[in-house]
Amino acid sequence: MISILLATYNWPQALKLSLESLATQTDRDFEIIIADDGSSSDTRDLIEEIKPRFPVSITHLWQEDLGFRKTAILNQAITAAQGDYLIFLDGDCIVQPDFVSQHRTLSEPGYLVTGSRVLLSDRLTKELLAWPQWNYSYFWKNLLNFRASGGINKYWPLKIKLGNGFWRNYRKFVWRRIKGCNMACWKSDAQAIGGFDESMTGWGHEDADFVFRLQNTGLIRKSGSWSTEVLHLHHRINDQSHAAENARHVREKILAKAAQ
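Residues numbered from 1 in each chain as written. Predicted model: local features only at pLDDT ≥ 70, side-chain atom pairs only at ≥ 80, totals over all residues. Heavy atoms only, no water.

Caption draft 1: Spatial organisation of the sheet that holds strand 10 (residues 230–232). Read across the sheet, 3 strands follow the order 5-10-7 without closing on themselves; strand pairing throughout is mixed. Edge positions in the sheet fall to strand 5 (93–95) and strand 7 (117–119), since each of these pairs with one other strand and no more. Taking each pair of neighbouring strands and ignoring which way they run, the sheet shows an average axis angle of 30°. Strand direction decides the pairing type here: strand 5 and strand 10, joined by 3 bridges, are antiparallel. Bridge pairing links Ile94 to Leu231 in strand 10. (Pairing = 2+ DSSP bridges. Helix = DSSP H or I, 4+ residues; strand = E, 2+ residues; numbered from the N terminus. Axes fitted to C-alpha atoms, helices over the stretch in contact; angles between N-to-C directions.)

Structure (structure tokens):
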């Protein structure tokens, strides 16, 4: 079974869309662990309303809001996961109906996957949030219009799906295209490195650090582009005051590895 670790913080309207899109998956052999970094009761109420009629199991993990501590709540989610394969997803992302099946296709022992995203404009994001329910069929039929109007920044990766292959493999660690909102690995591999580095607080680069340490154990990073794209809702830029320090933290680990 696959466990989807869905990170969220105080945006229940977006989380609703994300969950509704997960309810439409063609592959339903998965569970959802909501990793909640201190949201208010609005998020809890939404989850409790959705859970009874949802087609797969939902577990809600919550921690007190003491600032951005995504690493800590994700580590709790890793421990709680019943699946042997983990997909990391953010609650401001909408997925396509084949999202789980595409990730399953790319999963292999000895590998981790870093997926990609399609950015939505502020205008289209507001339009989707106003929908009474997520409607992928309508969205799909209007893809070209959304692209022409600037509503989405990519078109073809949503229309064309490419299979597995050696060409997806990265030969070494690179920062490019690591998105914590869409990546996957085996639970045993995540546990072998102790999960996310909880000393990294505040937004920025905790995902790159996680991927680097996984690769440092000998795992091969595989690109999930043109296969697993998620729709990333537009929102204001997070507080990036910790980003430089977190980046330095990762670079020190990279340099230490190179010096060995």
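Caption draft 2: Expanded view of helix 10 (residues 206–216). Of all 11 residues making up helix 10, 10 are buried, and the element is well covered by its neighbours. Those residues of helix 10 that fall on the buried side of the exposure criterion are Glu206, Asp207, Ala208, Asp209, Phe210, Val211, Phe212, Arg213, Leu214 and Gln215. Where helix 10 terminates, the next one or two residues include Gly218, which has phi positive at roughly 110°. (Buried < 20%, exposed > 50% of the residue type's maximum accessible area, 1.4 Å probe, protein only.)

Caption draft 3: Geometry of the packing of aromatic side chains. Applying the stated rule across the entire model yields 12 aromatic pairs. Ring geometry for Phe139 and Phe146: centres 5.0 Å apart, planes at 35°, overall tilted. Residue classification places Phe139 among the buried residues on the basis of a relative accessible area of 1%. Under the relative-accessibility criterion, Phe146 is labelled buried at 8%. In this arrangement the basic side chain of Lys222 is found over the ring face of Tyr111, its NZ or CZ atom lying 4.7 Å from the centre. (Phe/Tyr/Trp six-rings, centres within 6.5 Å; stacked < 30°, edge-to-face > 60°. Lys NZ or Arg CZ within 6 Å of the ring centre and 35° of its normal.)

Caption draft 4: Region of the structure containing the nonpolar core. Judged by nonpolar contacts, the single largest core of 29 residues is most densely connected at Leu19, Leu22, Ile32, Phe54 and Leu89. Elements that contribute at least two residues to this core include exactly strand 1 (2–8), helix 1 (12–22), strand 2 (30–36), helix 2 (41–50), strand 4 (85–90), strand 5, helix 4 (99–106) and strand 8 (182–186). Contact partners of Leu19, with chain neighbours within four places excluded, come to Leu6, Ile32, Ile34, Ile50, Phe54 and Ile58. Judged by nonpolar contacts, the second largest core, of 26 residues, contains Leu74, Ile193, Ala208 and Leu214. (Core = buried A, V, L, I, M, F, W, Y, C linked by side-chain atoms within 4.5 Å. Contact = heavy atoms within 4.5 Å.)

Caption draft 5: Representation of the side chain of Ser3 in the model. Considering the arrangement of structural elements, one finds Ser3 in strand 1. Overall, Ser3 belongs to the buried group, its relative accessible area being 0%. At a separation of 2.8 Å, a polar atom in the side chain of Ser3 contacts the main-chain amide nitrogen of Gly83. Once residues lying within four places of it in the same chain are set aside, the contact partners of Ser3 are Glu31, Ala81, Gln82, Gly83, Tyr85, Leu86 and Ile87. (Polar contact = N/O pair within 3.5 Å; in protein donor to acceptor, adjacent residues only side chain to side chain.)

Caption draft 6: Region of the structure containing the pattern of salt bridges. Under the criterion given, the structure shown has 10 salt bridges. Salt-bridge contacts for Arg104 lead to Asp29; the nearest nitrogen and oxygen are separated by 4.0 Å. Placement of the pair is Arg104 in helix 4 and Asp29 in the loop between helix 1 and strand 2, with a sequence separation of 75 residues. Overall, Asp29 belongs to the partly exposed group, its relative accessible area being 40%. Note that Lys126 is salt-bridged to Asp122, the shortest N-O span being 3.2 Å. (Salt bridge = Lys/Arg side-chain N within 4 Å of Asp/Glu carboxyl O.)

Nothing here speaks to function; it is geometry throughout.
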